[in-house]
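Read off the chains here:
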Amino acid sequence: MDIQKINWKVFLEDPAPADPDIFFRVFNTWIPDSPEIFVDVADYRHVHDGPLTALIGHHTDYWLDETDGRRGLLYNRRTRTEGSNKSKLTKSLRDILSACRRLEADPAFGGKLRFSGKELLFLINDRAIAPNTPETYRAVKPDLEEILARAAGGAESALEHLADDRRRFSVKIKFERPQNLGEMISRLGG
Amino acid sequence: MTISEKETSGDTPAEIWKRRLAGRMPADWAEGIDHFETEILLKKQGKIEDKVFAETRLRRGAYGQRYDNGFRHDGASQRAISYPAAATKGPNTLWDAPGMQRIKIPFGGMTTEQMDVIADLSEEYADSICHVTTRQDFQLHYVSIDDTPSMFRRLAAVGITTLEACGNSVRNVTACPVAGVCRDESFDVTPYARAAFRYLLGHPDVQDFGRKFKIAFSGCRQHPCGLTSMHDLGFIAVKRTESGRERRGFEMVVGGGLGSDPYKAKVFAEFVPEEEFLALTQAVCRVYARLGEKKKRGRARIKFLVSDLGIEKFRELVVEERAKLPKDARWTDFLSQLSETDESPLRSPQERERTPGEGGNEYEYWLSTNVAPQRQPGYAVVSVTLPLGDITANQMRGLADIARKFVKNTVRTTVEQNIILRWVSQSDVPAVYAALKSIDLAEPGAGTIVDVTACPGTDTCKLGVSSSRGLAGVLRTRLAEKSMQLDEAIRGLRIKISGCFNSCGQHHIADIGFYGTSRNVRDFVVPHFQLVLGGKSKENAASYGLAMGNIPSKSVPATVDRLTDLYARGRQAGESFQAFIARLGKTEIKKALADLAEVPPREKDASYYTDWGDVREYSTKDKGMGECAGEVVSLTEFGLKAADREVFEAQVLLDQGEPQKAAETAYRAMMHAAQALIKKYNIDISEDPEAVVKEFRSRFYDTQIFHDPYAGPKFAAYYFRAHERRTGVFDAEKSHHLVEEAQLFIEAAYSCNIRMSMAQASSNAVLNA
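Residues numbered from 1 in each chain as written. Chains lettered and ligands numbered in written order. Predicted model: local features only at pLDDT ≥ 70, side-chain atom pairs only at ≥ 80, totals over all residues.

This part covers the overall build of chain B. In terms of regular secondary structure, chain B is built from 25 helices and 22 strands. Compactness check: chain B gives a C-alpha radius of gyration of 26 Å against a globular reference of 27 Å for 769 residues, within 12% of the reference. By its C-alpha atoms, chain B is 75 × 75 × 55 Å across when sized along the principal axes. Of all 769 residues assigned to chain B, the portion counted as buried reaches 54%. Look at the contacts in chain B between residues 6 or more apart in sequence, and 71% of them connect residues 24 or more apart. (Helix = DSSP H or I, 4+ residues; strand = E, 2+ residues; numbered from the N terminus. Rg over C-alpha atoms; globule rule 2.2 N^0.38 Å. Buried ≥ 20, exposed ≤ 12 C-beta atoms within 10 Å, placed from the backbone. Contact = placed C-beta atoms within 7 Å.)

Following this line, the structure appears as structure tokens:
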């Protein structure tokens, strides 16, 4: 299958410093200062179980996200990407990890923002090409495992297919030992 | 080659959905979506004109958003957004820009299956947020136009069309959300609303309107659920006994509307029998299509036609038209299917046994604001409060599950931007509360002052001037904190906010309404809101409020506090907010709020120069302006402020029952605003009205300098018309409209001044660089 509309979510070590208000201000600075095409920042602090602050991009969104009650940074690829599945997975994972590092380094968070290297969530945001079925999981798993092994420097990770047919195709990933985000980016060629 | 031929061998998401959903939607809907998909392809190939495609996509509910022209102001300057494709999908709307998709929900009625699909679509094509509008629609934001055919197919497969969700057509047919379970209704209007929707969708007689056309149904006269008075065409359920037989019918009203120039609908007929209402609706549509304005958008709604002709003449024309119509079986066929929309309960009716202190204060408060007994004993209506009309995809699915468990698969959206569950067995109310709480949807305060209504405003709307959602969010938070302690009379007030004068937030019918404006203060543009008081949503939007003056955005929360405090302390026994405002008078209220209208210098408080829900400075400082120019601007500002004062005086005169004087004063205010602008070029402009209008026309109208970027010459036309009619006789209604138009003309003069100042600053900056 041709994987499109890749989503990754990196969770926070501690949700407390991830103040949506600060994210709102920081994301606004990304619009003029990034090579990517960002369009707007949407404020959804008033809702639950979804985005809190969304940086909307032409190709890719970054959200401070609290779906299922867990706060983290979500990468949402909107447009079609070319290349092999492995190259798309590599680039998208590298991009979200780099975004995490950029946020951690932003002075607005006072050095308190820390993303977790223990686990990830992977989604394909397209029910047409990737229904949330065991077949999709079988199709995606080999490439996903290979990229994760590369990112983790050979360390093992446990993959769990979240098989709820009303939800989008999702895989929960747990690393056997916590990973350093910077090292993961390097291993992915960043 | 059509798209379908090209893609039959492929497996793009669009093709997969097309294959998967084939045969699961009405054939004409499927064909229409195929055509639209082809039109997208042709547009990409440059084979369809911009304007034509724009109307095509708008008729499918696909709108442009704020940044779709390829620019975004970042607080320092206007910056280009490098969308990959330079081609456009309509005037000023770039092809690649993410847009808004409106989804029509006739009478607000939805099934749980439809809820699941909308949740899925919001995840895959938007930002996981489903937004309920003030007309019972849903809107999804940041949608790529390439995704729209798949979206339309997925919606069509569950019985939803977006056709005519926008454009110059019949928009969503709305209806009272408690129709069928309301204790006060004459009868259930649901099947009639559905019949109107079905009959008019794509009907040839509604394809040639100059503007949109909105229809609403109400089951009673007294409640604010249907808001028929503010609709192009409204139907209020009425029963009549004739020859010992009870007949169903409607009081039919026509020519209402809010927008920048609000009109109350006029009674067309006190009783239109049920078998006649579709025929008469068709006749109204034909007269509107034939005689309604087509070129001047600002005068194209049916309210202007009805007003210009007078209701008697309009009625005569419609009756003539009706007589000519060939009989259509569909006018009455639906009468044999009235019971199809009946809902039945899932659970048996049981009165709830209450124990003291049950569920705690929070539950009790929710119970008092969000639960109401149905007409059917043992059942309740539960309102699910959606903050700012928003619900996330997961919450939507969760709510669908709750509906499946407790109420047999159906819910309704409301014009208050909430969702209601009907047929909840009273004994299940605590369990429903617990279930809603588990998905964070048990917020109390439905229908109270906390339940602030707002249009999208500057967040996503191209026309927004100030941040209506940002302000609504702040007000909600502040009011929710103290809602349980609020006086009962205060709690019952309604706040509605629009981002501009167009009134999508329905500010005219709120107890306390606001619409977005801006003001030039010490060389900065500062976000403001115009305060509108005296509106009434009850009795189907019984009266419209009038503007009271501009308040800086950041002072609006304090303004709400002060107004509610004044009411709590000063009201007489049983006195409504409208009566209190009328008794106090505009002059006293203005005096009480005078300090809040002031904007502190930026050095003292920079927050005033940034809007709610934003981090960018609202506008740039007019750097490089010469002293001479500055002086002339000061004269202009001075003149505009004088015009502001005069229009306020006109409002007071109107309140005092002096419509003629009010009209004269309003006209004078317009003339002085025009004069103020002319002073940019000619400080010696005379006081002669003819000379002012002539010079305004040549300097600002003919040059299009005064033209609003979106409304065009509309506001200048108000002035010209007022000038022509200045010696006429004005009754209360005509005077009311003139005062409204004067207010808008002055707002437009302020905006024109700001645009000119900014253009001057840019030009000076270039010269000084």
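Let us look at the sheet that holds strand E10 (residues 233-242) of chain B. Residues and elements named next belong to chain B. Pairing is mixed in the open sheet, where 5 strands are placed in the order E8-E9-E10-E11-E12. Of all strands in the sheet, those with a lone pairing partner are strand E8 (174-175) and strand E12 (266-273), marking the two edges. Sheet topology places strand E11 (residues 245-254) next to E12; 5 bridges connect them, and they run antiparallel. Looking across to E12, one finds that Val253 is bridged to Val267. (Pairing = 2+ DSSP bridges.)

A word on the nonpolar core. All names here are of chain B. In terms of nonpolar packing, the biggest core is built from 256 residues, with Ala666, Met670, Ala673 and Phe745 touching the most fellow members. Sorting elements by how many residues they give to this core places helix H22 (residues 659-678) first, with 12 residues. When neighbours within four sequence positions are excluded, Ala666 is seen to be in contact with Val647, Ala650, Leu738, Val739 and Ala742. Of all hydrophobic cores here, the second largest spans 6 residues; its members include Val525, Val599, Tyr608 and Tyr618. (Core = buried A, V, L, I, M, F, W, Y, C linked by C-beta atoms within 7 Å.)

Let us now look at the packing of helix H8 (residues 277-291) of chain B against helix H10 (residues 311-324) of chain B. Residue and element names in this part refer to chain B. With their axes 8 Å apart at the nearest point, H8 and H10 run at an angle of 115° to one another. H8 and H10 meet at a crossing whose hand is right-handed. Here Ala279, Leu280, Ala283, Val284, Arg286 and Val287 of H8 lie close against H10, whose contacting residues are Leu317, Val318, Glu321 and Arg322. Grouping the constituent residues of the contact of H8 with H10 by class yields 7 nonpolar, no polar and 3 charged. (Axes fitted to C-alpha atoms, helices over the stretch in contact; angles between N-to-C directions. Left-handed = near helix turned anticlockwise from the far one by under 90°. Nonpolar A, V, L, I, M, F, W, Y, C, P; charged D, E, K, R; others polar.)

This brings us to the packing of helix H3 (residues 27-44) of chain B against helix H6 (residues 148-156) of chain B. Residue and element names in this part refer to chain B. The N-to-C vectors of H3 and H6 enclose an angle of 175°; their axes lie 10 Å apart at closest approach. It follows that H3 is roughly antiparallel to H6 by the angle criterion. Note on element contacts: H6 touches H3 through Pro149, Phe152, Arg153 and Ala156, opposite Trp29, Ala30, Ile33, Phe36 and Glu37. (Parallel < 35°, antiparallel > 145°, perpendicular 65-115°, else oblique.)

Residues and elements named next belong to chain B. Judged from the 3 bridges that link them, strand E5 (residues 109-111) and strand E16 (residues 410-413) form a sheet pairing that is antiparallel. Its bridge partner lying in E16, Met110 is registered against Val411. With 3 bridges joining them, E16 and strand E17 (residues 419-425) adopt antiparallel strand pairing. In the strand pairing of E17, Val411 is matched with Leu421. Adjacent in sequence and paired antiparallel, E16 and E17 are bridged by 5 residues, among which Gln417 carries a positive phi angle near 65°.

In any sheet, the strands associate via hydrogen bonds between backbone groups, in a parallel or an antiparallel arrangement. Residue and element names in this part refer to chain B. Spatially, 5 strands are ordered E5-E16-E17-E14-E13 in an open sheet, and the strand pairing comes out antiparallel. Looking at which strands have only one partner, the edges of the open sheet turn out to be E5 and strand E13 (371-373). On average, each strand axis in the sheet is tilted by 30° relative to the strand beside it, whichever way the strands run. Relative to the sheet, helix H13 (residues 393-406) contacts strand E14 (379-384), E16 and E17, its axis offset from that of E17 by approximately 25°.

Before going further, it helps to examine the interface of chain B and chain A. With 37 residues of chain B in contact, the opposing surface of chain A contributes 29 residues. Residue assignment for the side of chain B that touches chain A shows that the elements contributing at least two residues are helix H2 (13-20), helix H5 (112-125), strand E15 (390-392) and H13 of chain B.

Residue and element names in this part refer to chain B. Looking at the element boundaries, Cys504 is found in the loop between strand E19 (495-498) and strand E20 (512-521). Residues Cys504 and Ser348, 156 residues apart in the sequence, show an inter-C-alpha distance of 40 Å. What Cys504 contacts, discounting residues up to four positions off in sequence, is Thr134, Cys455 and Ser498.

Next up on the list: the confidence of the model for chain B. Interpretation of the predicted coordinates at a detailed level should be avoided for regions scoring low in pLDDT. All names here are of chain B. Predicted confidence across chain B gives a mean pLDDT of 89, with 94% of residues reaching 70 or more. Scored below 50 in pLDDT, residues 620-633 shows 23 contacts in the model against residues more than four places distant or in partner chains. Complex prediction metrics read pTM 0.87 and ipTM 0.97. (pLDDT = per-residue confidence, 0-100.)

In this section: the environment of B:Thr587. Residue placement: B:Thr587 occurs in helix H20 (residues 586-593). In this structure the C-alpha to C-alpha distance between B:Thr587 and B:Met548, which are 39 residues apart in sequence, comes to 9.1 Å.

Quick look at the pairing of strand E3 (residues 51-57) of chain A now. Residue and element names in this part refer to chain A. When you tally the buried positions in E3, you get 7 out of 7 residues, the bulk of the element. Inspection of the sheet shows strand E2 (residues 38-43) paired to E3 by 5 bridges, in the antiparallel sense. The residue bridging Ala42 from the neighbouring strand is Ala54, located in E3. Across 4 bridges, E3 lies against strand E4 (residues 60-65) in antiparallel orientation. What sits directly across from Ala54, in E4, is Trp63. Hairpin remark: E3 followed by E4, antiparallel, with 2 residues in the connecting loop.

Right, let's get into unusual backbone geometry. Residues and elements named next belong to chain B. Located in the positive-phi region is Leu227, a residue other than glycine, with phi close to 55°. At Trp423, a position not held by glycine, the phi torsion is positive, near 65°. For Trp423, the position within the fold is in strand E17.

Attention now moves to H5(B). Residue and element names in this part refer to chain B. For H5, spanning 14 residues, the distance from its first C-alpha to its last is 20 Å, which sits close to the expected 20 Å at 1.5 Å a residue. In terms of burial, H5 is largely enclosed, as 11 of its 14 residues are buried. Buried within H5 we find Thr112, Gln114, Met115, Val117, Ile118, Ala119, Leu121, Ser122, Glu123, Glu124 and Tyr125. (Expected span 1.5 Å × (residues − 1).)

Residue and element names in this part refer to chain B. End to end, H8 covers 21 Å across 15 residues, agreeing with the expected 21 Å (1.5 Å per residue, within 8%). Counting buried positions over the 15 residues of H8 gives 11, a clear majority of the element. Listing the buried residues of H8 in full gives Phe277, Leu278, Leu280, Thr281, Gln282, Ala283, Val284, Cys285, Arg286, Val287 and Tyr288.

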